[in-house]
Protein chains: 2
Amino acid sequence: MNCTGLSQNAILDRLKESGCRITAPRKALVASLAESHTPQSVIELHAAANKRIGTPTDPEPVNLVTAYRFVNLLETQGLARRIDFAQGYARYEPTHPDDAHHHHHIVCDQCGKVEPFDDCDVDELSARIEARSGFVVMRHQLELYGKCADCSREP
Amino acid sequence: MNCTGLSQNAILDRLKESGCRITAPRKALVASLAESHTPQSVIELHAAANKRIGTPTDPEPVNLVTAYRFVNLLETQGLARRIDFAQGYARYEPTHPDDAHHHHHIVCDQCGKVEPFDDCDVDELSARIEARSGFVVMRHQLELYGKCADCSREP
DNA sequence: CTTTTTGCAAACATTTTGCAACTGG
DNA sequence: CCAGTTGCAAAATGTTTGCAAAAAG
């Protein structure tokens, strides 16, 4: 289970409340999303879901298209957050139950390791930019890139 | 001409110094990049370059593939910077002559307007994360999203 | 039984690659 | 002349869409 975001059941409950149907593919995708400790690509979620409920007879009960449609649903419902690490594809993580508690990530360029952090200073910067530019800042994306401890040891 | 990044001639000179050849497509692409005041997509650069040197007889003297190859060259040479606004494609801007002087952008979700800002607080945050996580932070991406002054007036 | 969801195929958008022809220096 | 550059066609990647069949409630 992921340590910061909505739990599997919380997501399923909120889906049901919204009148969405709970299906086997959705359960498997939600489970894969909720148990992950780092943001997952749609391809990773799709693979994890099929590993979870696939059988020798039917190794791929969840279609990739279904995964794409479902993450979009989760995002529009506010249950998952799309994150872009500039890798050419999007990643998703469960939203935090407390809406205000947002966090960011540091990504290792070498091994891809991702670690979250939640001490984010951007609010005062936002306020300054708002005052100066007339923009209303609604959200921000901040990602740090570098080398993780392991990768900094070797060249 | 863009007000913060390398000038057209500076880019061409540095290319020549590196042993790269200066061709008509490259001149047109560099001109398009250098004159832009906001980060440009490759498709935009390609269109601008062809508008610049295209003729009725040959409306597209610069191939899109050439544009892609060239922005990659500029990036590896440190002459352009790739920026990802999570729009499904990359944008490029000329790098700043002073390497340390980096900046970020605020993007209007509604009309796509982009404005740069250069008062960035992330350094102390980076230092804190480095100390705590063991990561060596090498760069960061920060983008603010919201509504520009014009778009906030109307719904 | 009705509406939502799924799977499949196919379309789409961006970016990359292989290769022969071309061209700048 | 010749290495570097280009254009074309084609492929690779990630994502979306149309539609009929399947399934949830």
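Bear in mind the structure is a predicted one, so any value in this text is a computation, not a measurement.

**Regarding the overall build of chain A**
- Counting its regular elements, chain A contains six helices and six strands.
- Viewed in the frame of its principal axes, chain A has a C-alpha envelope of about 60 × 45 × 25 Å.
- Taking the contacts inside chain A whose residues are at least 6 apart along the sequence as the reference set, 53% of them involve residues at least 24 apart.
- By element, 50% of the accessible surface of chain A is carried by carbon and sulfur atoms, the whole surface being about 8,200 Å².

**Observations concerning the protein's contact with DNA strand C**
- Taken together, 21 residues surround DNA strand C, and among them Arg21, Arg26, Pro61 and Thr66 of chain A together with Tyr68 of chain B come closest.
- Within 4 Å of the protein, the contacting atoms of DNA strand C are drawn from sugar and phosphate to the extent of 65%.
- The contact in question runs from a base nitrogen of DNA strand C to an N or O atom on the side chain of Arg21 of chain B, over 2.9 Å.
- The contact in question runs from a phosphate oxygen of DNA strand C to an N or O atom on the backbone of Ile22 of chain B, over 3.4 Å.
- Contributions of two or more residues to the surface near DNA strand C are made by helix 2 (24-35) and helix 4 (64-76) of chain A together with helix 4 (64-76) of chain B.
- When residues of the surface near DNA strand C are assigned to their parent elements, the largest contribution, four residues, is made by helix 4 of chain B.
- Within the surface near DNA strand C, the residues separate by chemical class into eleven nonpolar, five polar and five charged.

**A short note on the sheet that holds strand 5 (residues 114-117) of chain B**
- With respect to topology, six strands assemble into an open sheet ordered 5(A)-4(A)-6(A)-6(B)-4(B)-5(B), the strand pairing being mixed. Strands at the two margins of the open sheet, each flanked by one partner only, are strand 5 (114-117) of chain A together with strand 5 of chain B. For this sheet, the mean inter-axis angle between neighbouring strands, taken without regard to orientation, is 25°.
- Pairing of strand 6 (residues 136-147) of chain A with strand 6 (residues 136-147) of chain B, which is carried by eleven bridges, proceeds in the antiparallel orientation. Opposite Arg139 of chain A, over in strand 6 of chain B, you have Tyr145 of chain B as the bridge partner.
- Set on the sheet, helix 5 (residues 122-133) of chain A makes contact with strand 6 of chain A together with strand 4 (104-108), strand 5 and strand 6 of chain B; between it and strand 6 of chain A the angle comes to about 130°.
- Where helix 5 (residues 122-133) of chain B meets the sheet, its contacts fall on strand 4 (104-108), strand 5 and strand 6 of chain A together with strand 6 of chain B, and the angle it forms with strand 6 of chain B comes to roughly 130°.

**What to know about the packing of helix 3 (residues 42-53) of chain A against helix 4 of chain A**
Residue and element names in this part refer to chain A.
- Viewed as axis vectors pointing N to C, helix 3 and helix 4 meet at an angle of 120°, and their least axial separation amounts to 9 Å. The orientation of helix 3 with respect to helix 4, classified from their angle, is oblique. When you trace helix 3 past helix 4, the crossing you get is right-handed. For the pair helix 3 and helix 4, the contacting residues are Val42, Ile43, Leu45 and His46 in the first and Leu64, Ala67, Tyr68 and Val71 in the second.
- Grouping the constituent residues of the contact of helix 3 with helix 4 by class yields seven nonpolar, one polar and no charged.

Criteria and cut-off values
- Each chain has its residues counted from 1, following the order in which its sequence is written.
- Each chain gets a letter, beginning with A, and each ligand a number, beginning with 1, in the order they are written.
- Given that this is a predicted model, residues contribute local features only at a pLDDT of at least 70 and side-chain atom pairs are listed and counted only at 80 or more, while totals for whole chains, interfaces and linings are drawn from all residues.
- As a rule here, side-chain values cover all heavy atoms of the structure and leave hydrogens and water aside.
- Runs of H or I in DSSP of at least four residues are treated as helices and runs of E of at least two as strands, each being numbered from the N terminus.
- What makes two residues a contact is simply this: any of their non-hydrogen atoms within 4.5 Å.
- We get accessible surface area from the Shrake-Rupley algorithm with a probe of 1.4 Å; when it comes to residues, only the shown protein chains can shield them.
- Consider each residue's heavy atoms; a residue with any of them within 4 Å of a molecule or strand counts as near.
- Definition of a polar contact: a pair of N or O atoms within 3.5 Å, with one able to donate and the other able to accept a hydrogen when the atoms are protein atoms, and with sequence-neighbouring residues admitted only if both atoms are side-chain atoms.
- All residues other than Ala, Val, Leu, Ile, Met, Phe, Trp, Tyr, Cys, Pro, Asp, Glu, Lys and Arg, Gly among them, are scored as polar; the first ten of these are nonpolar and the last four charged.
- Strands pair, by our definition, only if DSSP identifies at least two bridges between them.
- Lines are fitted to the C-alpha atoms to define the axes, a helix being fitted only along its stretch in contact, and any angle between axes, read from their N-to-C directions, falls within 0 to 180 degrees.
- By definition in this entry, angles of less than 35 degrees are roughly parallel, angles greater than 145 are roughly antiparallel, angles of 65 to 115 are roughly perpendicular, and the rest are oblique.
- For a crossing to be left-handed, the near helix must be turned anticlockwise from the far one by less than a right angle; the clockwise case is right-handed.

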